[in-house]
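# Survey of secondary and tertiary structure
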Amino acid sequence: MNPEIDLDKIDMNAEPPAEEPARQYYFMAKCREWVREFEQKNGRRPTAFTQTFGCQMNARDSEKLTGILEQAGFIETQNEHADFVIYNTCTVRENANQKVYGHLGLLKHEKKSNPCMRIALCGCMMQEPGVVEKLKKSYRFVDLVFGTHNIFKFAELLYQTLNSKEQIIDIWEGTEQIVEDLPVERKYSFKSGVNIMFGCNNFCSYCIVPYVRGRERSRRPEDIIREIETLAADGVSEVMLLGQNVNSYGKTLKDSISFGELLRRVEKIDGIARIRFMTSHPKDLSDELIQVMKESKKVCRHLHLPLQSGSTRILKAMNRKYTKEQYLELAGKIRREIPDISLTTDIIVGFPGETEEDFLETMDVVKKVCYDNAYTFIYSKRTGTPAAAMENQVPEAEVKSRFDRLLNLVQENARSQTARFAGTVQEVLIEEVNEHDPSLLTGRMSNNLLVHFPGDVSLIGRIRKVKLEVCKGFYYMGTLV
Ligand code: SAH
Ligand code: SF4
Ligand code: F3S
């Protein structure tokens, strides 16, 4: 939040300012006025619910939505029984879309019992023309639809929708704009995502992200540093730098800068104890980055390095721009340079044309790298991507069998990799009270493993040393030392 702006001092009789973010602050003040009137009429403040689907980028975007709702005076709720409901959607795989349509059925019902309710949809799925057509035709009860490029306009769109009975649709095809200094309501007080870039230029042939998130744009390093300094002053000790491919950070800026250099600068910020980042594309992971990670006291011992496939032939069809051998060499180098690092990955099974031999190449890489963890996905055809037009879609039964075999291997590896830390003492950031047993706290190690141990709630947000006593497969039970 820009500390210099006091919403109550904004002149609401004036015309809305043209420049950003002043324009959005003006509309936040307008929304606040609307909330006051609502309160006078109903004897209570309006409630709002934000639901996030998809990746960490979306989670961070949702914190911006919540920040604006909070500034306007809405009270946050934890379920759809609310006056304003917004879904921040994902479309990376078809089942992400299905989930949203499923929830919409529920909302239609909810709206019948609260006719003043307003429903909004935003995020990646809204950037697909087919989806918007469907909403226009068959989901008239949705009041507001906007996309990924104009999310900064949320305050303005919220104000419009609160004062209109029409379905409002505002989708942009792209943008060059990055609007800084909008309010954010963080989910955790002690850790935060920080966008360092938006969009993606890689066009992996299966992936819809470049179409729905637009071209790659990096934030200026000084804006990123300023944001992290403010976060640190507000009690944040762990930051996760976010981008679809952080390894190409800064290349298109006027004063170009490497991702390694950005990490060095973030490292210097007092109060920040841990730095994570997501995601690294193997094709341009530099030696500089490995060096920075190796030397750093703050960059966490975890690297997510999506493989997607172990077959050079399939990797080519995927447009990933590396071979099986190059990937293995890179993973080997990282394990050699930083032995205690945890390596995780994403793998797609059943890409068009994938044969049993191709699949066995993937299994071979998984065996050799022995990932600490891997996210496995069944290929999902995304309209508009090059892979959707490819022939030889793999039969479902075949995909299922490969998926199960891969999952078994991945889990076996994850168990043995997890077990290698048994008996050691690790620093953990204490994140929350254990969901199943309130006498336990849950802490996250630098390598992203979780440990549960007895402790007092007051420790949440602190970094403490914990002895890893018992390995439970993918996590540990431990004690504070
Ligand atoms: N930018 C990140 C990935 C973002 S999407 C990267 O390049 O690593 C997250 C993961 O979803 C991808 O790594 C991929 O494994 C998976 N994915 C993307 N498109 C998919 C599709 N069409 N079907 C199945 N999985 C997909
Ligand atoms: Fe998708 Fe590839 Fe971009 Fe990742 S790098 S978001 S998988 S196109
Ligand atoms: Fe999904 Fe969009 Fe992220 S499609 S994975 S929410 S960038």
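Residues numbered from 1 in each chain as written. Chains lettered and ligands numbered in written order. Predicted model: local features only at pLDDT ≥ 70, side-chain atom pairs only at ≥ 80, totals over all residues. Heavy atoms only, no water.

## Describing the layout of surface pockets
- In this model, the second largest pocket occupies a volume close to 870 Å³.
- Within the residue set of the lining of the second largest pocket, elements represented by two or more residues are α2 (56–72) and α7 (221–233).
- Per-class residue counts for the lining of the second largest pocket are 13 nonpolar, seven polar and 13 charged. (1 Å grid on protein atoms, 1.4 Å probe; cavity = no way out; pocket = protein on both sides within 12 Å on 5 of 7 lines; lining within 4 Å. Points joined across faces, edges and corners; volume = space filled by probe spheres on them. Helix = DSSP H or I, 4+ residues; strand = E, 2+ residues; numbered from the N terminus. Nonpolar A, V, L, I, M, F, W, Y, C, P; charged D, E, K, R; others polar.)

## Notes on the side chain of Ser62
- Looking at the element boundaries, Ser62 is found in helix α2.
- Overall, the relative accessible area of 5% leaves Ser62 in the buried class.
- Side-chain polar atoms of Ser62 contact the side chain of Thr52, separated by 2.8 Å.
- Those residues in contact with Ser62, other than ones at most four positions away along the chain, are Thr50, Thr52 and Asn88. (Buried < 20%, exposed > 50% of the residue type's maximum accessible area, 1.4 Å probe, protein only. Polar contact = N/O pair within 3.5 Å; in protein donor to acceptor, adjacent residues only side chain to side chain. Contact = heavy atoms within 4.5 Å.)

## Details of the pairing of strand β19 (residues 476–480)
- Bridge count between strand β17 (residues 450–454) and β19: two bridges; the pairing is parallel. Looking at β19, one finds that His452 is bridged to Met477.
- Examined bridge by bridge, strand β18 (residues 463–471) and β19 share five bridges and lie antiparallel to one another. Note on β19: the bridge partner recorded for Val466 is Leu480.
- Taking the residues that link successive antiparallel strands as the turn, the β18-β19 hairpin has four residues, and the phi of Gly473 there is positive, at about 100 degrees. (Pairing = 2+ DSSP bridges.)

## Description of the site of ligand 3
- Every residue lining ligand 3 is accounted for by Cys55, Asn58, Cys90, Thr91, Val92, Cys124, Arg213 and Gln244.
- Within the shell around ligand 3, the residues separate by chemical class into four nonpolar, three polar and one charged. (Near = heavy atom within 4 Å.)

## Here we look at helix α12 (residues 356–369)
- Look at α12: 20 Å from first C-alpha to last across 14 residues, which is about the 20 Å you get at 1.5 Å a residue.
- All buried positions along α12 are accounted for by Asp358, Phe359, Thr362, Met363, Val365, Val366 and Val369. Buried positions in α12, seen along its axis, are confined to an arc of 160 degrees and lie on one side of it. In α12, the exposed residues that point more than 90 degrees away from the buried face are Glu357, Lys367 and Lys368.
- Elements in contact with the buried residues of α12: α10 (312–317), α11 (324–337), β13 (342–349) and α13 (396–419).
- Where α12 ends, the next residue or the one after it, Cys370, has phi of about 50 degrees, a positive value. (Expected span 1.5 Å × (residues − 1). Arc of directions from axis to C-beta.)

## Topic: the sheet that holds strand β3 (residues 84–89)
- In spatial order, the strands read β2-β1-β3-β4-β5-β6; together these six strands make up an open sheet with parallel pairing. In this open sheet, the two edge strands, each paired with only one partner strand, are β2 (75–76) and β6 (168–170).
- Two elements, strand β5 (residues 144–146) and β6, share three bridges in a ladder whose sense is parallel. From the neighbouring strand, Leu144 faces β6, where its bridge partner is Ile168.
- Those strands touched by helix α3 (residues 94–113) are β1 (47–52), β3 and β4 (118–123), and its axis lies near 175 degrees from that of β3. (Axes fitted to C-alpha atoms, helices over the stretch in contact; angles between N-to-C directions.)

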